[in-house]
Number of protein chains: 4
Amino acid sequence: MSSSRPALGVGMVGYAFMGRVHSQAWRSVGAFFDLPVTPVMAVLSGRSARTADAAATLGWAAVENDWKELIRREDVHIVDICTPGDSHAEIAVAALEAGKHVLCEKPLANTVAEAEAMVAAAGQAAARGVRSMVAFNYRRVPAVALARQMVADGRLGEIRHVRAQYLQDWITDPEFPLVWRLQKDKAGSGALGDIGSHIVDTAQFVTGQNLTGVSALTETFIRERPLAGDSAGLAAGADGTGRGEVTVDDAALFIGRLSGGGLASFEATRFAAGRKNALRLEINGSLGSLAFDFEAMNELWFHDHTLPAGDAGFRRILVTESDHPYAAAWWPPGHGLGYEHTFTHEVKDFLEALAAGTDPTPSFADGLRVQRVLRAVEESAANDSRWTAITG
Amino acid sequence: MSSSRPALGVGMVGYAFMGRVHSQAWRSVGAFFDLPVTPVMAVLSGRSARTADAAATLGWAAVENDWKELIRREDVHIVDICTPGDSHAEIAVAALEAGKHVLCEKPLANTVAEAEAMVAAAGQAAARGVRSMVAFNYRRVPAVALARQMVADGRLGEIRHVRAQYLQDWITDPEFPLVWRLQKDKAGSGALGDIGSHIVDTAQFVTGQNLTGVSALTETFIRERPLAGDSAGLAAGADGTGRGEVTVDDAALFIGRLSGGGLASFEATRFAAGRKNALRLEINGSLGSLAFDFEAMNELWFHDHTLPAGDAGFRRILVTESDHPYAAAWWPPGHGLGYEHTFTHEVKDFLEALAAGTDPTPSFADGLRVQRVLRAVEESAANDSRWTAITG
Amino acid sequence: MSSSRPALGVGMVGYAFMGRVHSQAWRSVGAFFDLPVTPVMAVLSGRSARTADAAATLGWAAVENDWKELIRREDVHIVDICTPGDSHAEIAVAALEAGKHVLCEKPLANTVAEAEAMVAAAGQAAARGVRSMVAFNYRRVPAVALARQMVADGRLGEIRHVRAQYLQDWITDPEFPLVWRLQKDKAGSGALGDIGSHIVDTAQFVTGQNLTGVSALTETFIRERPLAGDSAGLAAGADGTGRGEVTVDDAALFIGRLSGGGLASFEATRFAAGRKNALRLEINGSLGSLAFDFEAMNELWFHDHTLPAGDAGFRRILVTESDHPYAAAWWPPGHGLGYEHTFTHEVKDFLEALAAGTDPTPSFADGLRVQRVLRAVEESAANDSRWTAITG
Amino acid sequence: MSSSRPALGVGMVGYAFMGRVHSQAWRSVGAFFDLPVTPVMAVLSGRSARTADAAATLGWAAVENDWKELIRREDVHIVDICTPGDSHAEIAVAALEAGKHVLCEKPLANTVAEAEAMVAAAGQAAARGVRSMVAFNYRRVPAVALARQMVADGRLGEIRHVRAQYLQDWITDPEFPLVWRLQKDKAGSGALGDIGSHIVDTAQFVTGQNLTGVSALTETFIRERPLAGDSAGLAAGADGTGRGEVTVDDAALFIGRLSGGGLASFEATRFAAGRKNALRLEINGSLGSLAFDFEAMNELWFHDHTLPAGDAGFRRILVTESDHPYAAAWWPPGHGLGYEHTFTHEVKDFLEALAAGTDPTPSFADGLRVQRVLRAVEESAANDSRWTAITG
């Protein structure tokens, strides 16, 4: 990276799981992509005494104990929000009003109302050249980006079916503790918001279509759990002080229709024993089909239905060729990427949009669209699974 | 097989796809299983002039042009019904009343009312020692039977999720003709009854639980097709005389709850390009998970969640070991079976039940239970996807 | 099948594993294929008192205790040899001289000398219109036949690599008894002749090329085993009377060159724990690659290297389409076949050749070619792995 | 990382493919692992005018045009050699003599003589507390490290078979240019040294055994290629100035014996169309088997042969659990790693050994052991594939 390229200071709020992976993205992006701007890891904000240690480990130059201070700093041009969903709206709106570009973790917010306020703030900010983006990182899996290209190129024809699942198993054990992701006030919802939001966004992104309505079921299998002590990533231990109520869904199933006339099914659960991070998407079209599973993230399976039947079948495309999305920046074919690369690609695209003066995607409006689907799911589930249109 | 074992004459009605595979089952079963009775391929009934040729090819000793004649024959002890669903009730009830054991292809009937009449007739017949069975052959895939055993043995613990799909693609092309399977008067319903019935039965069989209610969507993507000429299996050509209306569903999606508290999703479609006969079932329990796909029918995937996490993963059990269901009768490990073997196993179990004087399963009551799920699906789909309890 | 078609009586010698599967082939072939001749399961020959029971179970009309009597019978036109390799030459030569067509199990013989005598007899017989064939059944796996077609059609370009393995695990346990397959006088060799012969034939068949030379290693891991009692298929128990020496190889590895300039590697073993019947073949050519594993026998994996790199990958062709070899006779797409079908295809092709008056393949000469490779492997292994040309 | 930990300056020689990935390792390691020392990316050495740009992009603080200058610098404590094999010996010996710890890319050298000199220098250096390591990075794939643990824990019992392949396809096209990797003077050998060395080391590492001898074939399919222009990673273009001779092997096959009595086969090729970076290892033991393919690098397949046969099968262990090697440092289960992480793990282990004052592995002696296998392969291939013992 050339020193003649403008430097943009980044301030990150939160440094747990998402903060660690965002840090790796900011740290690495410039070594692999020829960026128009140079990101500088300027400030880390966190409330605990451990923030300074975290900053040293993760490579942030300075520390603030209050995100409001971080937003005020002149050396911060970008605010990267890695906190739980309950604080997204407040931080993002404040940052945008302060003229800072915002990259906000998903889900955009815990409620549609918050998300609407964020979209309004993003709109006003954009008029002033201040940009915003919601971090649905799975759009930047090379295989998912390739899937989007193939659909857009017409390789699938008319979309008939979408089959989306996000299967994990980390709370299968009833004694797994009551971490913040299982508390409605912090997480907004359970599997639905945390991982269901990803498959809704991914399905809409890849198909280029929106869900028009849903019928849904949700369930909380384990209604009480031990109170939680420390956690790291998705792991945690009980703190031995008693038990508390699980106030979110353990699993959400919904079926719906796409704006192009296809049918879609979705399932988000943390009770699929043996499935660790199985974000799966299968799309069947009139001319072909695609299948993806994040547990084998470097592979995209494609069936070309225009081939002679005797010659056709799902082919495993290793998405590591130089003409695949993002892949030329990395290693030779067959030398796969990992989870964190999706974030490196995300900040790369974000920085390019900032430099180009364009709106990065997914926008806050995209995040709101997902939020409205989640709301419709909850409404349908609470209303006898009745068909619930996605409005707005 | 010893000649001292009683011979039972079989009369088969219909000799298309199902008739061919049932014939192979009757022809082969005695060479592999040590049966208590000896089936004799006595009579084939069909309406066309080709029936005699079919009987010669398929190995039936005699021919009747009218199934009512077949039922009357003294050399027929078992009536095997391989016709489309619209004639099942009439033939089965008549046969049972005539004192013939009945093996009836699925779905049991085209309507719940017909199925109820059949169950009533089966009950009266059973009182007289006359047996009946509905031919959900996929229960006799060794891997599916093994799955049932493993669930019954408690290897999965509490069932949290069932994910059932039956994906085919043979009518993806809008110019595929209007075969009988696409006509409501003959087939009753489309993908729902033809293949959806299989996954409902298989899921209920393997879990040992019933669906208590559903919320559903159905769709007919292609509403008009060329009129059909001859067909064979699932293949067919247009006859060039015009177009007709598709009066059944092309696809059905539904979500539901199991009697044990788990959630289930179902999808039946003939529009999944590249999926040929993908009857898929995944079950997640508190202690383990199972996954199956008929396209690899000799494999059952099992995740043992009681193993240390670092040592666990889905294992591919080749269901060809001598202690696997049905497998000892066939070949050494790794020498797989095919589609037709499920029918051979079916008639083997049927004959053993006849000899033992017990009721074979799946019973007509099991078939009715499936039929009630299908009706609830159609009702929900017609009623804003509203939750529809499975009654009766 | 029309009664106007000439009937050909079949006499089968031996009724263990191979006899059971051949019987199923003879029993089934006419129901699925429109044959020019009608095979009649006339006579079964065996030395034990159980032969009559076996004939009843397997569907043979008559019994002879001596194969020489079987050969003399006028109602026998075809002799099907299903005995161990040490008797092949004697029976086959006698049958051919008696004017009977011969289908002989593989390996053709236990020595090159025997095989040469059989080829000579076959040549003399052919001059009189009497046909012979060696039963390398894996050529008739639809996926293998399709692979052959694709190579012949030039889809792979120049063959660079063949990677052939036949992996089983049924003698991994040192206490597995000393069955006839582990005794040199009966079996000729161990893994090499039993399963190595299959991969040599399959590789030569699919590529259309011959091995020109090899360098080899063989090993006997367990040199002494309990004496064997009864066996069935590949299963057996010890008889408790002591231990005996294993006189064949447990595993054979060899590398070689193909007549077209490619390199090939072969491995045959019964000590590959967890691999049950993994006959695997991968071929890499300048224009594409193929991969096959019999444990998933309905699948052929094809990589089309002429596609753009970004779009290419190994595709899983389910070899169940109506234009695939043999598949139209059976079931709709995705409804797979099993092990025994390869034998049904074999007798179908054999009968068609008889009717057409042509020489069926693989011929005894093909069997001899395999035998010469096996001999070269043993010579190389005994001679410091030195390069050993395949002659003759 | 705490500032109280001693800083160690790193000087890297070469910045092509290996230099880029090593840079990412040095850049990232401290953010994920709690290191006893702090690596500082001090100096990059390269001969071209682009070195300064590379240093800026890759994050190196200073630049030297001559590696001899780099070795002299006091701020360099570690020399990381990322050049082609022909310069390894000279640089490594000089660096060790200058008291610098050395991390050297593989293969250790282009000849056994060079490797022996390096081992001698490493021995003398070690006596002075100066450490050395050869960068067989695949040992640090978590799945490979887990495989090693499982073998060492006795999970496989006695090793019967090793099946190792390294399959690539990047020179399948005869018009792919004559890059340095195809020139004997620079690369030493072709597929054999470049990728064959990896599978030899990986097989010996995982089994904990050495190869005692080999029998080999090598081949150069395309003997002349266009002269090369610029290259990046494994991609390159022709420079239009003519054609030159390929002086290395395109493929190498060899079979051998392990010190524990098992048989092993190896294949290294760049002509396996459709295989991109398929480093594959399968090991069969008396108690279990393991299978690995780098194209799915987060998966290890394990068959536990001590389970009941009816319950056993190859299980797919996603090697992302917190108790798997290296995995706790990264992301939650199912969130996979990529190629570059193997290098991050490598420098982590290297730094820990430096801090602990122990010899890191693989040592130069391990590298020499691989080199001797490669020499034996070449000798056998040149000598009629005769058995060639691995000496020394």
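On a predicted model such as this, the values are computed, not experimentally measured, just so you know.

(A) Seen up close, the environment of Asp194 of chain D. Residue and element names in this part refer to chain D. Here Asp194 shows up in helix 8 (residues 191-207). The sequence separation of Asp194 and Tyr166 amounts to 28 residues, and the corresponding C-alpha distance is 9.9 Å. Excluding anything up to four places from it in sequence, Asp194 contacts Lys106, Trp170, Arg181 and Arg270. Polar side-chain contacts of Asp194 include one of 3.2 Å to the side chain of Arg181.

(B) Region of interest: the packing of helix 1 (residues 17-32) of chain D against helix 9 (residues 341-356) of chain D. Residue and element names in this part refer to chain D. Packing of helix 1 against helix 9 leaves a shortest axis separation of 8 Å and a crossing angle of 60°. With respect to their mutual orientation, helix 1 and helix 9 come out oblique. The two elements helix 1 and helix 9 meet at a crossing, and its hand is right-handed. Residue-level contacts link Met18, Val21, His22, Ala25, Trp26 and Val29 of helix 1 to Phe343, Thr344, Glu346, Val347, Lys348, Phe350 and Leu351 of helix 9. Along the lines of polarity and charge, the residues of the contact of helix 1 with helix 9 split into nine nonpolar, two polar and two charged.

(C) A look at the relation of the copies chain A and chain B. Least-squares fitting of chain A to chain B yields an RMSD of 0.0 Å, with the superposition described by an axial translation of 0.0 Å and a rotation of 180°. Here the symmetry operator amounts to a two-fold rotation axis. The rotation axis passes nearest to the C-alpha of Arg386 of chain A in chain A, at a distance of 2.2 Å. The overlap is high: 100% of the interface residues of chain A also sit at the interface in chain B, so the same surface is used on both sides.

(D) Fine view of the relation of the copies chain C and chain D. With an RMSD of 0.0 Å, the fit of chain C onto chain D corresponds to turning through 180° and sliding 0.0 Å along the axis. A shared binding surface is used by both copies, with 100% of the interface residues of chain C retained as interface residues in chain D.

(E) Focus on the interface of chain A and chain B. Facing the 47 residues of chain A at the interface are 47 residues of chain B. In this assembly, chain A packs against chain B so that about 3800 Å² is buried in total across both faces, 57% of it on carbon and sulfur atoms. The largest share of the area that chain A buries against chain B comes from Arg160, Leu217 and Ile255 of chain A, three residues that together contribute 16% of it. Our count for the chain A to chain B interface comes out at eight salt bridges. Residues Glu267 of chain B and Arg163 of chain A are paired through a salt bridge, measuring 2.7 Å at the closest nitrogen-oxygen approach. The tally of links between chain A and chain B comes to 19 residue pairs in polar contact (both at pLDDT 80 or more). Elements represented by at least two residues in the side of chain A that touches chain B include exactly strand 7 (159-167), strand 8 (211-219), strand 11 (251-258), strand 12 (263-269), strand 13 (278-285) and strand 14 (288-293) of chain A. The biggest single contributor to the side of chain A that touches chain B is strand 11 of chain A, with six residues.

(F) How the structure looks around unusual backbone geometry. In this chain, Lys106 of chain C is followed by Pro107 of chain C through a cis amide linkage whose omega measures -10°. Of note, Pro107 of chain C is situated in the loop between strand 5 (101-105) and helix 5 (112-127). In the Ramachandran plot, Asp384 of chain A falls in the positive-phi region, its phi being about 65° despite a non-glycine side chain. Position of Asp384 of chain A relative to the elements: it lies in the loop between helix 10 (364-382) and strand 17 (388-389).

(G) Looking closely at the domain arrangement of chain A. All names here are of chain A. Each assigned domain of chain A is listed with its residue range as follows: domain 1 (7-138) and domain 2 (139-360 + 370-382). On a C-alpha basis, the centroid separation for the pair domain 1 and domain 2 is 23 Å. Each side of the interface is counted separately: domain 1 has 40 residues, and domain 2 has 48 residues. Approximately 3900 Å² of surface area, both sides summed, lies buried where domain 1 meets domain 2, with 70% of it carried by carbon and sulfur atoms. Connecting domain 1 to domain 2 are three salt bridges. In this structure, Asp359 and Arg131 form a salt bridge, with 2.9 Å as the shortest nitrogen-oxygen distance.

The rules behind these values
- Residues numbered from 1 in each chain as written.
- Chains lettered and ligands numbered in written order.
- Predicted model: local features only at pLDDT ≥ 70, side-chain atom pairs only at ≥ 80, totals over all residues.
- Heavy atoms only, no water.
- Helix = DSSP H or I, 4+ residues; strand = E, 2+ residues; numbered from the N terminus.
- Contact = heavy atoms within 4.5 Å.
- Polar contact = N/O pair within 3.5 Å; in protein donor to acceptor, adjacent residues only side chain to side chain.
- Axes fitted to C-alpha atoms, helices over the stretch in contact; angles between N-to-C directions.
- Parallel < 35°, antiparallel > 145°, perpendicular 65-115°, else oblique.
- Left-handed = near helix turned anticlockwise from the far one by under 90°.
- Nonpolar A, V, L, I, M, F, W, Y, C, P; charged D, E, K, R; others polar.
- Least-squares fit on C-alpha atoms with pLDDT ≥ 70 in both.
- Buried area = accessible area lost by both parts, 1.4 Å probe.
- Salt bridge = Lys/Arg side-chain N within 4 Å of Asp/Glu carboxyl O.
- Domains from an automatic or database assignment.

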